[in-house]
Amino acid sequence: MKVLSFFSIKGGVGKSVSSMAFAQILHDDYGKRILLVDIDKQANTSKTFGCYTPDGFTSADLLTAKSLIADKAIRHSDYGIDVIPANFELIRANKEVLLDTLHPQQLRFKRQLAPLRDRYDYCIIDYPIDDNMAVINALVVTDEVLIPIKMDRYALDGMEYVIETIEGIKEFNPNIQLKGCFATMYVRSNLYKEGMSALETSLGLKFLKTPIRQTVKVGESTFEKPFIRYSPTSSAAEDYRKLVAEYLSLE
Ligand SMILES: Nc1ncnc2c1ncn2[C@@H]1O[C@H](COP(=O)(O)OP(=O)(O)OP(=O)(O)O)[C@@H](O)[C@H]1O
Ligand SMILES: [Mg+2]
């Protein structure tokens, strides 16, 4: 099982839409067995896949349970993808981990997900914008990171911290690899090229070639079903398929 993280500390940049699109495409087009882990208390991904639970086991329990409970937290969605959902319990769980200094605080997901390694080809993690114990635990178990970037005036803000965070995790997880970033909600403009080269030169970030175009279909899909199933022929769905192929060619 390879753990792929769509990580950024920036809000509304396409972390959730990209996590869900990669999960669906790797499953539908490549026959991969996918576990999608939601660690955002907003639970957009859990809800989109019909896996939200207000009181069942969730990613919060992966942080706090003393016994191995990941199995109990897995929900089988109608889209061929298994989901470990999130809910607001993550707020309590994050505090609880900080207070529990008797057990290692960064290795909780690693321990919980270990028994699932042969059952899935990919574990894809959708991140919140918070900097918390769930995020640290998720990065500790991550093999590869992709950073979605919404190319606008604010695209550079906070990017240093994103890179610093990944570097800092190497103390616990020396194998974590930043595969690169990619543009989301792309609209054709010269500013895009300028922004991209600013990020490449100032931070040494590698951009994947395929930008994800902006389309109203993504917003519409949130009322219906996961985007790739809702609008498989839309421009952004086409782009995500190209991006997945590009990502796989990097390996
Ligand atoms: N390619 C796209 N075209 C149009 N709208 C998009 C596209 N990608 C994402 N969006 C919209 O942009 C918003 C943010 O996307 P998304 O929820 O994936 O970002 P996020 O980084 O997960 O946000 P958060 O920080 O709140 O978790 C959503 O309303 C989503 O529907
Ligand atoms: Mg999100």
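Scroll up to find the structure.
A brief look at the structure comes next. (Residues numbered from 1 in each chain as written. Chains lettered and ligands numbered in written order. Predicted model: local features only at pLDDT ≥ 70, side-chain atom pairs only at ≥ 80, totals over all residues.)

Each helix and strand in the chain was counted, giving 12 helices and 7 strands. Along the first, second and third principal axes, the C-alpha atoms of the chain reach 55 × 40 × 30 Å. Taking the intrachain contacts of the chain between residues at least 6 apart in sequence as the baseline, contacts between residues at least 24 apart amount to 80%. (Helix = DSSP H or I, 4+ residues; strand = E, 2+ residues; numbered from the N terminus. Contact = placed C-beta atoms within 7 Å.)

Moving on, we come to the site of ligand 1. Of all residues adjacent to ligand 1, which total 19 residues, the nearest are Gly 11, Lys 15, Ser 16, Val 17 and Val 218. With 3 residues, helix 1 (residues 15–28) is the single largest residue contributor to the shell around ligand 1. Taken together, the residues that form the shell around ligand 1 break down as 7 nonpolar, 10 polar and 2 charged. (Near = placed C-beta within 6 Å. Nonpolar A, V, L, I, M, F, W, Y, C, P; charged D, E, K, R; others polar.)

The next point concerns the sheet that holds strand 7 (residues 177–184). What the 7 strands build is an open sheet, ordered 3-4-2-5-1-6-7; its pairing is mixed. A single partner strand is all that each edge strand has here, and the edge strands are strand 3 (75–76) and strand 7. (Pairing = 2+ DSSP bridges.)

Across the 5 residues of strand 1 (residues 2–6), 4 count as buried, placing the element largely inside the fold. Of the strand pairs in this sheet, strand 1 and strand 5 (residues 122–126) are connected by 5 bridges, and their pairing is parallel. Note on strand 5: the bridge partner recorded for Val 3 is Cys 123. Bridge analysis of strand 1 against strand 6 (residues 144–150) gives 3 bridges, and the strand direction is parallel. The partner of Ser 5 across the bridge, within strand 6, is Val 145. (Buried ≥ 20, exposed ≤ 12 C-beta atoms within 10 Å, placed from the backbone.)

Taking burial as the measure, the 5 residues of strand 5 include 5 buried ones, the bulk of the element. What you see with strand 5 is no split at all: Tyr 122, Ile 124 and Asp 126 on one side and Cys 123 and Ile 125 on the other are buried throughout.

Our next topic: the packing of helix 1 against helix 12 (residues 235–249). Interhelical geometry of helix 1 versus helix 12 gives an angle of 75° and a closest axis separation of 10 Å. Here helix 12 runs roughly perpendicular to helix 1, going by the angle between their axes. Contacts between helix 1 and helix 12 pair Ala 21, Phe 22, Ile 25 and Leu 26 from the former with Tyr 240, Arg 241 and Val 244 from the latter. (Axes fitted to C-alpha atoms, helices over the stretch in contact; angles between N-to-C directions. Parallel < 35°, antiparallel > 145°, perpendicular 65-115°, else oblique.)

This paragraph deals with the nonpolar core. Among the nonpolar cores identified, the biggest contains 74 residues, and Ile 34, Leu 36, Ile 39, Cys 123, Ile 124 and Ala 138 are the most heavily contacted of them. The contact partners of Leu 36, leaving out residues within four places of it in the chain, are Ser 19, Ala 23, Thr 45, Phe 49, Ile 81, Val 83 and Ile 124. (Core = buried A, V, L, I, M, F, W, Y, C linked by C-beta atoms within 7 Å.)

With 14 residues, helix 9 (residues 190–203) extends 20 Å from end C-alpha to end C-alpha; this agrees with the ideal 20 Å at 1.5 Å per step. A positive backbone phi angle near 65° is found at Gly 204, which sits one or two residues after helix 9. (Expected span 1.5 Å × (residues − 1).)

Glancing now at unusual backbone geometry. Notably, Ala 43 is not glycine yet its phi reads approximately 60°, a positive angle. Among the secondary structure elements, Ala 43 is positioned in the loop between strand 2 (34–38) and helix 2 (44–48). In this structure Ala 43 comes out as buried when scored by C-beta crowding, with 24 C-beta atoms within 10 Å. The backbone of Met 185 shows a phi angle near 50°, a positive value even though the residue is not glycine. By the secondary structure assignment, Met 185 is in the loop between strand 7 and helix 9. Classification of Met 185 as buried rests on a count of 20 C-beta atoms within 10 Å.

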